[in-house]
Amino acid sequence: MLGVLCLWLVLFSPFTLDPSPAAAAAERDDGPPVVVLSGTPYEMGRQHGTALRGEVQASVRRVLSYFRRYLNVPWVGPLAVNWWIDRVWHDAYRSIPPAYLEELRGLADGSGVPLVELERLHAIPDRTYSCSNFAAWGRATADGRLIHVRNLDWNIKAGIQRSAVVFVVRPSGKHAFVNVGWAGFIGVLSGVNDAQISIGQVGAETVDATFRGEPMVFLMRRVLEEADGVDEAARLIRGATRTVGVNYVVADAKARRALAIETTRRHVRVFEADDPAEHLVSYARPMVDAVFRADVAVDSAIRDRQLASHGEPRRPGLEPPGGSAYDVRYLGQAAGLQAHVGRLDPAAARSIARVVAPDSNVQSMIVAWPDLWVANARGTTPAARTTYHHLDLEQLFGRRASSEPP
């Protein structure tokens, strides 16, 4: 059966929408629209573009125009930005799964946005850094359940938060997943799948990098589509043709377990909670039943190649980390988790997200299965300091409805 054209989920009043594409284009006080996509890659892309046609056009234009204005040189500026972005896509193209290229083609056909502009939008994340991530469970939380908090810190001036959408994606033959994203964007930077696996990332700048590989936004999507647990997620990340430095936090709400995975182009290091290796690193803050990361690496081989957090790869030895990414995001998460150990609940998790959020915080996601909270920046107010909107993941995935008799 062909995929449905596009289904609007009417879960509860804050997310009730007029089914016209124009409704999705408005920035709303009552939360982002929720859109369900299903079928073949091309069908899902076309559904996306058709349902959110005006918003996809506005989103792509807004973000790319921001970067083109950033180099404020008439004529030369836009051309230089196009070259800067197109180089990433050109190098990555052969490593991108064909299904995603097909979905982008469907998105272009449905939205009327030129395919090359959509490709440019998806090339940008590999050139950006920052963010924070933590997961806690068991003895660290009030009721033992796993809580995963992800702040996406990017560029609030680019305005992508004005196009926030929560997608429920049902690719044929793969895990369904929720992509906390934006109109016009099919990659994943924050999400959770129907096997209760959630993922977030932190860009961690390194000299051990290339663009000749699978962009992280597509690798993260593959994790949600294919992984049943965190070990499978780690295997996928380890086996990928990676590009830039990224620290991932992957969590499993069922197993009440999470991993921090530090990566560069050539290196991968996986850390468990309270990992013995972290106890050997003076600037690390290992904890029982919790993992967290900003951009600094704990693994010495990865840290030695980092530019992030005042790293100096050209100097011998390892530099102690510094700057706001370490002092605020990393140590702030450590302090917040320690202060709430045994008492961490979603409200306390929000307070930690708020403390560590910089002015560039465009999105914040909290997963405590089956609950999902999503916040997006408004104007110049960081996401973690705005309203968090609640969704029920079991309703999003249709589990309650599917368990009822016909």
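Every value quoted in this text rests on a predicted model; they were computed, and no experiment measured them.

Rules behind the numbers
- Residues numbered from 1 in each chain as written.
- Predicted model: local features only at pLDDT ≥ 70, side-chain atom pairs only at ≥ 80, totals over all residues.
- Heavy atoms only, no water.
- pLDDT = per-residue confidence, 0-100.
- Contact = heavy atoms within 4.5 Å.
- Axes fitted to C-alpha atoms, helices over the stretch in contact; angles between N-to-C directions.
- Helix = DSSP H or I, 4+ residues; strand = E, 2+ residues; numbered from the N terminus.
- Parallel < 35°, antiparallel > 145°, perpendicular 65-115°, else oblique.
- Left-handed = near helix turned anticlockwise from the far one by under 90°.
- Nonpolar A, V, L, I, M, F, W, Y, C, P; charged D, E, K, R; others polar.
- Pairing = 2+ DSSP bridges.
- Buried < 20%, exposed > 50% of the residue type's maximum accessible area, 1.4 Å probe, protein only.
- Phe/Tyr/Trp six-rings, centres within 6.5 Å; stacked < 30°, edge-to-face > 60°.
- Salt bridge = Lys/Arg side-chain N within 4 Å of Asp/Glu carboxyl O.
- Core = buried A, V, L, I, M, F, W, Y, C linked by side-chain atoms within 4.5 Å.

A. A look at the confidence of the model for the chain. Looking at the chain as a whole, its pLDDT mean stands at 89, while 89% of the residues score no less than 70. Between residues 1-29, whose pLDDT stays under 50, and residues either more than four places distant or in other chains, the model counts 67 contacts. Low pLDDT (under 50) marks residues 399-406, which in the prediction has eight contacts with non-local residues, meaning those over four places away or in another chain.

B. Quick peek at the packing of helix H5 (residues 98-111) against helix H6 (residues 115-123). Between H5 and H6, whose axes approach to 9 Å, the crossing angle comes to 125 degrees. In this view, H5 runs oblique relative to H6, as classed from their interaxial angle. H5 and H6 meet at a crossing whose hand is right-handed. For the pair formed by H5 and H6, the contact residues are Leu104, Arg105, Leu107 and Ala108 on the first element and Leu115, Leu118 and His122 on the second. Residues that form the contact of H5 with H6 fall into these classes: five nonpolar, one polar and one charged.

C. Expanded view of the sheet that holds strand E12 (residues 290-293). If you trace the six strands from one edge of the open sheet to the other, you get E12-E3-E4-E13-E14-E15, paired in antiparallel fashion. Edge positions in the sheet fall to E12 and strand E15 (389-392), since each has one partner strand and no second. The sheet shows a mean angle of 10 degrees between the axes of neighbouring strands, taken without regard to direction. Where strand E3 (residues 132-136) lies against E12, four bridges are found, and the strand directions are antiparallel.

D. How the structure looks around the environment of Glu278. With respect to the helices, strands and loops of the structure, Glu278 is situated in the loop between strand E11 (268-271) and E12. For the pair Glu278 and Asp299, spaced 21 residues apart in the sequence, the C-alpha separation amounts to 8.2 Å.

E. Representation of the pairing of strand E4 (residues 147-153). Most of E4 is tucked away, with seven of its seven residues classed as buried. Alternating positions in E4 separate into two faces, Ile147, Val149, Asn151 and Asp153 on one and His148, Arg150 and Leu152 on the other, with burial throughout. Taken together, the five bridges between E3 and E4 define a ladder with antiparallel strand orientation. Bridge pairing in E4 places Phe134 opposite Val149. With six bridges joining them, E4 and strand E13 (residues 361-368) adopt antiparallel strand pairing.

F. How the structure looks around the packing of aromatic side chains. Going through the model one piece at a time under the given rule, you end up with 10 aromatic pairs. Between the aromatic rings of Tyr66 and Phe67, the centroid separation amounts to 5.4 Å while the plane-to-plane angle is 85 degrees, which identifies the pairing as edge-to-face. Side by side, Tyr66 and Phe67 carry an identical accessibility label, which is buried. Residues Tyr100 and Phe218 carry aromatic rings whose centres are separated by 5.3 Å and whose planes lie at 25 degrees to one another, so their mutual orientation is stacked. Here Tyr100, found in helix H5, pairs with Phe218, found in helix H7 (residues 216-226); they are 118 residues apart in sequence, far enough to count as distant.

G. Highlighting H7. Of all 11 residues in H7, 10 are buried; the element is thus mostly enclosed. Within H7, burial applies to Met216, Val217, Phe218, Leu219, Met220, Arg221, Arg222, Val223, Leu224 and Glu225.

H. View of the pattern of salt bridges. With the rule as written, the count across this model stands at 23 salt bridges. The shortest N-O distance in the salt bridge between Arg105 and Glu102 comes to 2.8 Å. Of this pair, Arg105 and Glu102 are both found in helix H5, three residues apart, which corresponds to roughly one turn of the helix. With relative accessibility at 32%, the residue Glu102 sits in the partly exposed group. A salt bridge links Glu226 to Arg222; the shortest N-O distance between them is 3.8 Å. Here Arg222 and Glu226 lie together in helix H7, a separation of four residues that amounts to about one turn.

I. How the structure looks around the nonpolar core. Among the nonpolar cores identified, the biggest contains 72 residues, and Tyr248 and Val250 are the most heavily contacted of them. When residues of this core are assigned to their parent elements, the largest contribution, seven residues, is made by H7. Leaving out residues up to four positions away in the same chain, Tyr248 has contacts with Ile199, Gly200, Gln201, Met216, Leu219, Met220, Ile237, Leu259, Ala260, Ile261 and Thr263. One finds Leu146, Ile147, Ala284 and Ala348 within the second-largest nonpolar core, a separate group that totals 40 residues.

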